[in-house]
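Per-entry structural report
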Amino acid sequence: MQLPDPLSTLAGSPIQRRFAALIAPKSGPELEAMAAESRALTLRHFGRTIRMFAPLYLSNECINSCKYCGFARENPISRVTLEVDDMAREARHLALEGFRNILLVAGEHPKFVSGGYLEQCVTRLRPDFPAISLEVGPMETAEYIPLVQAGAEGLVVYQETYHRETYAELHTFGPKKDYDWRLACPVRAYDAGFRRIGIGALFGLWHWQEEALALAAHLEFLQKRCWKAQLTVSLPRLRPAAGEFEPRHPLGDRDFVQLLCALRICFPQTGIVLSTRESADFRDAILPLGITMLSAGSHTEPGGYTGVGRDALHQTVRGRSVPLEHPESASATGQFEISDSRPAAEMVTALRRQGYEPVWKDWDQSIITSA
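Let us look at the structure shown here. The residue count restarts for each chain, going from 1 along the sequence in the order it is written. The model is predicted, so local features are restricted to residues of pLDDT at least 70 and side-chain atom pairs to those at 80 or more, both for listing and for counting; the totals for chains, interfaces and linings are taken over all residues. No hydrogens and no water enter the side-chain calculation; it runs on all heavy atoms of the structure.

**Thoughts on the overall build of the protein**
Helix and strand labels come from DSSP, where a helix needs a run of H or I of at least four residues and a strand needs a run of E of at least two; each type is numbered from the N terminus. Counting secondary structure elements, the protein contains 13 helices and 14 strands. Taken over C-alpha atoms, the radius of gyration comes to 20 Å for the protein, in line with the 21 Å a tight globule of 371 residues would show. Structurally, the protein occupies a C-alpha span of about 55 × 45 × 40 Å along its principal axes. Per-residue burial for the protein yields a buried fraction of 56% across its 371 residues. Contacts are residue-level and defined by heavy atoms, with any inter-residue pair within 4.5 Å sufficient. Intrachain contacts of the protein at a sequence separation of at least 6 include 77% that bridge at least 24 residues. Looking at the protein as shown, the accessible area adds up to about 15,700 Å², and 51% of this sits on carbon and sulfur atoms. Charge counting follows a simple rule: Lys and Arg are positive, Asp and Glu are negative, and His as well as the terminal groups are ignored. Every charge is mapped to an atom, namely NZ of Lys, CZ of Arg, CG of Asp or CD of Glu. Seen as two clouds, the 40 positive and the 44 negative side-chain charges of the protein have centres 4 Å apart. Our radius of gyration is a C-alpha quantity, and the globule rule it is checked against amounts to 2.2 Å times the number of residues to the power 0.38. Each residue is assigned to one of three classes by its accessible area relative to the maximum for its type, calculated with a 1.4 Å probe on protein chains only: buried under 20%, partly exposed between the two thresholds, exposed over 50%. Exposure was quantified through the Shrake-Rupley algorithm and a 1.4 Å probe, taking into account, for residues, occlusion by the shown protein chains and nothing else.

**Section: the packing of helix α2 (residues 28-46) against helix α10 (residues 253-266)**
Two elements in contact, α2 and α10, have axes separated by 9 Å at closest approach and are oriented at 45°. Considering their axes alone, α2 and α10 lie oblique with respect to each other. Judged by the sense of rotation from one axis to the other, the crossing of α2 with α10 is left-handed. Here G28, L31, M34, A35, E37, S38, L41, T42 and F46 of α2 come into contact with α10, specifically with R254, Q258, L260, C261, A262, R264 and I265. A per-class count over the contact of α2 with α10 returns 9 nonpolar, 4 polar and 3 charged. Think of each axis as a best-fit line through the C-alpha atoms, taken over the contacting stretch in the case of a helix, with angles from 0 to 180 degrees between the N-to-C directions. Orientation categories follow fixed angle ranges, with anything under 35 degrees roughly parallel, anything over 145 roughly antiparallel, 65 to 115 roughly perpendicular, and all other angles oblique. Each crossing is labelled by how the near helix is turned from the far one, with a counterclockwise turn of less than a right angle marking it left-handed and a clockwise turn marking it right-handed. Each residue gets one label: Ala, Val, Leu, Ile, Met, Phe, Trp, Tyr, Cys and Pro are nonpolar, Asp, Glu, Lys and Arg are charged, and the others, such as Gly, are polar.

**Re the sheet that holds strand β12 (residues 314-317)**
DSSP calls a pair of strands paired once it identifies at least 2 bridges connecting them. Reading across from one edge, β3-β12-β13 is the order of the 3 strands in this open sheet, with antiparallel pairing throughout. Strands at the two margins of the open sheet, each flanked by one partner only, are β3 (78-79) and β13 (320-322). Summarising the sheet, β12 and β13 pair through 3 bridges and their orientation is antiparallel. Counted as the bridge partner of T316 is S321 from β13.

**As for empty space enclosed by the protein**
With a 1 Å grid spanning the protein atoms alone, the term cavity applies to any set of points in which a 1.4 Å probe fits but cannot get out, the term pocket to an open set with protein on both sides within 12 Å along at least five of seven lines, and the term lining residue to any residue with an atom within 4 Å of a point. Grid points are joined across faces, edges and corners, and a volume is the space filled by probe spheres set on the points. Within this structure, the stated rule accounts for 2 cavities of 30 Å³ or more. Counted as a void, the second largest cavity has a volume near 30 Å³. Around the second largest cavity, the lining residues are V157, Y158, Q159, R182, P186, I199 and H218. Here the lining of the second largest cavity is composed, by residue class, of 4 nonpolar, 2 polar and 1 charged.

**Remarks on the pattern of salt bridges**
The term salt bridge refers to a pairing of a side-chain nitrogen on Lys or Arg with a carboxyl oxygen on Asp or Glu at a separation within 4 Å. Enumeration over the complete set of coordinates arrives at 16 salt bridges. Notably, a salt bridge pairs R225 with D191, separated by 2.9 Å at the nearest N-O pair. Residue R225 is located in helix α9 (residues 208-225), and its partner D191 is located in helix α8 (residues 185-192); the two are separated by 34 residues in the primary sequence. Owing to a relative accessible area of 33%, R225 belongs among the partly exposed residues under this scheme. Across the salt bridge formed by R283 and D340, the nearest N and O atoms sit 2.9 Å from each other. Of the two residues, R283 sits in helix α11 (residues 280-286) while D340 sits in the loop between β13 and α12 (344-353), which places them 57 residues apart along the sequence.

**Describing the packing of helix α3 (residues 84-97) against helix α4 (residues 115-125)**
Contact geometry for α3 and α4: axes closest at 10 Å, N-to-C directions at 40°. Judged on the interaxial angle alone, α4 and α3 are oblique. The chirality of how α3 crosses α4 is right-handed. Together, V84, D85, M87, A88 and A91 of α3 and Y117, Q120, C121, R124 and L125 of α4 make up the contact between the two elements. Considering only residue class, the contact of α3 with α4 consists of 7 nonpolar, 1 polar and 2 charged.

**Let's talk about the layout of surface pockets**
Looking at the largest pocket, its volume works out to about 390 Å³. As for the largest pocket, its lining consists of 18 residues, of which F46, Q230, Q269, T270 and G271 are closest to the centre. The set of elements that each furnish at least two residues to the lining of the largest pocket consists of β1 (49-59) and β9 (230-234). Residues of the lining of the largest pocket, tallied by class, amount to 7 nonpolar, 8 polar and 3 charged. As for the second largest pocket, its lining consists of 15 residues, and the residues nearest its centre are P110, V113, G137, P138 and M139.

**Section: the environment of G204**
Checked against the element boundaries, G204 lands in the loop between β8 (196-200) and α9. For the pair formed by G204 and G271, sequence separation is 67 residues and the distance between their alpha carbons is 22 Å. Discounting chain neighbours no more than four positions away, the residues touching G204 are L238, P247, R248, H249 and P250.

**Observations regarding unusual backbone geometry**
A positive phi angle is found at E160, which is not glycine, with a value near 75°. Among the structural elements, E160 can be located in the loop between β6 (154-156) and α6 (164-170). Phi angles above zero are rare outside glycine, and E244 is one such case at about 55°. You can see E244 is positioned in the loop between β9 and α10.

In structure tokens, the structure reads:
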């Protein structure tokens, strides 16, 4: 797979050559050696701490047609966009669980999820959450600036697949069709002032080694271009969702471990995120190999933590709103099924059993404003 511009300038770099060698087929002893090196590097740079976060879904409205996504506009699902007060109730639930690092997630629909709406949400959360990140539709730099000023400090955007032909096939309608616009999103976010930038690929859409090489090139490029930001990388694997899309190129557990170790070895100071897409047993097993950030007790539907927003539910059929058949028993549809359903307290117990300490808060704007 040819790397897209501007990542193509990194083809053949020392990091890319080493990364390519690390994701080549490995024997059992070779993989064990990689795991030992990855574990040692993680302890050296991050100690025995794990940064905890929770996603808070604001809306599952979306104007994009992405064949693999539960929120795709043509899926006949129950949809809602939370009012700001309802969003605050969801956030209070997460705060009581201990979370101070929150990721606001929404489908891409300018009518429902505007910059002004997001700014209201961030402003409302800022007194109680020192770390607020966004995973929403890509914007212009000028549109990001008010969100940063309101208190958002991180932006997460996954390219989904770096294989341009597969990207075009899977994204058939909406602004997400623009591959290059999405690829450049982290740089626009950095230029707007975000201090944390998260990227990733959705594994299962294309061959994992080629996807991984492009992801590593993207990461190396951002290390040079966005050198003041803290970068994180995530390796989500496809999960069951509305639309029933099946992975075309599944990433197996052994290959996942090899990819995780390769990233840690080549990018020793980059944060690596592991979500509840993975099973509890698998998350516990691979935790020491490079993971630095975990979610817990997650819901992927708006109102999933407290049940708010049900009075505004509606269904969409091919992008058109229709009444719900049984509104009294309905709830919003999630983006995908999670695998690890352990609540935060149980996740903390599991971490401490392995000798790790959860970090709920590692940043506060007052550090700067009072300086």
